[in-house]
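A look at the structure
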Amino acid sequence: GAGVSQTPSNKVTEKGKYVELRCDPISGHTALYWYRQSLGQGPEFLIYFQGTGAADDSGLPNDRFFAVRPEGSVSTLKIQRTERGDSAVYLCASSLSREEKLFFGSGTQLSVL
Amino acid sequence: GESVGLHLPTLSVQEGDNSIINCAYSNSASDYFIWYKQESGKGPQFIIDIRSNMDKRQGQRVTVLLNKTVKHLSLQIAATQPGDSAVYFCAGHGQNFVFGPGTRLSVLP
């Protein structure tokens, strides 16, 4: 498709479980970002990829969170030992380069019960 | 640390009136700013952007003003329509894009 695609759109899991969230960016966009958005808040930066490498992971809250982008296109955000506080909308965005406008997907609503 | 904030969490305007949404930022090194619109259940949608070498930029029915002296930017929407009802975020780019908490715009009939 023409836009950023995120799957699943909704994910319900139990506390302590492992989840993977997928992002398919716009073709040709080398920069990819993950953000987390809690209800009533603005998106909070998690990690930025330039190509295959994580250029800035300073926003990841702890070592339970990890993201990969092995071929410089699709990215997966992985959360281990989920906690109820991880419940939020996880947004992915891509751009042509770091200082270009971000195009966002519709997000994955993660609910940890 | 770097922060971006909005002056008002909610704004109600009459249909047809102009809307002004304000934003303040703290990082003087921010050189690029974007306004996004977010509707319920959707991701943020790009509206308009401005780089720090400009102080005004116009789009279709929207204008962004940047005042670097006081670290303030605003989004003006002309002839506000019901479809403009959404949450609006400003984002500033320093090292990464930092988003403010958002302003919910409600358009009254």
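Residues numbered from 1 in each chain as written. Chains lettered and ligands numbered in written order. Predicted model: local features only at pLDDT ≥ 70, side-chain atom pairs only at ≥ 80, totals over all residues. Heavy atoms only, no water.

1. Side note on the packing of aromatic side chains
One pass over the structure, following the stated rule, counts 13 aromatic pairs over all chains. Over the face of the ring belonging to Phe46 of chain B we find Lys101 of chain A, whose NZ or CZ atom lies 4.9 Å from the ring centre. (Phe/Tyr/Trp six-rings, centres within 6.5 Å; stacked < 30°, edge-to-face > 60°. Lys NZ or Arg CZ within 6 Å of the ring centre and 35° of its normal.)

2. Quick word on the side chain of Thr108 of chain A
Residue and element names in this part refer to chain A. Relative to the helices and strands, Thr108 resides in strand 11 (residues 108-112). Among the polar contacts made by the side chain of Thr108, one reaches the main-chain carbonyl oxygen of Pro8 at a distance of 2.5 Å. Here Thr108 is in contact with Gln6, Thr7, Pro8, Ser9, Lys11, Leu21, Ala88, Val89 and Tyr90, once residues within four sequence places are set aside. (Helix = DSSP H or I, 4+ residues; strand = E, 2+ residues; numbered from the N terminus. Polar contact = N/O pair within 3.5 Å; in protein donor to acceptor, adjacent residues only side chain to side chain. Contact = heavy atoms within 4.5 Å.)

3. Side note on the sheet that holds strand 1 (residues 5-7) of chain A
Residue and element names in this part refer to chain A. Read from one edge of the open sheet, 4 strands run 1-3-8-7, paired in antiparallel fashion. Of all strands in the sheet, those bounded by a partner on one side alone are strand 1 and strand 7 (65-68). Within the sheet, the average angular offset between the axes of one strand and its neighbour, ignoring direction, is 15°. The pairing of strand 3 (residues 19-24) with strand 8 (residues 75-79) spans 5 bridges and is classified as antiparallel. When the sheet's bridge partners are listed, Leu21 is paired in strand 8 with Leu77. (Pairing = 2+ DSSP bridges. Axes fitted to C-alpha atoms, helices over the stretch in contact; angles between N-to-C directions.)

4. Concerning the environment of Phe103 of chain A
Residues and elements named next belong to chain A. Turning to its location among the elements, Phe103 is positioned in strand 10 (residues 103-104). Exposure remark for Phe103: the relative accessible area of 34% places this residue in the partly exposed category. As for Phe103 and Val12, which are separated by 91 residues in sequence, their C-alpha atoms are 25 Å apart. What Phe103 contacts, discounting residues up to four positions off in sequence, is Val4, Ile26, His29, Cys92, Ala93 and Ser94. (Buried < 20%, exposed > 50% of the residue type's maximum accessible area, 1.4 Å probe, protein only.)

5. Points about unusual backbone geometry
Excluding glycine, a negative phi dihedral is what most residues carry, and trans is how most peptide bonds are arranged. Cis geometry marks the peptide bond from Thr7 of chain A to Pro8 of chain A; its omega dihedral reads -10°. You can see Pro8 of chain A is positioned in the loop between strand 1 and strand 2 (10-13). Despite not being glycine, Ala79 of chain B shows a phi value in the positive range, around 50°. Position of Ala79 of chain B relative to the elements: it lies in the loop between strand 8 (72-77) and strand 9 (86-93).

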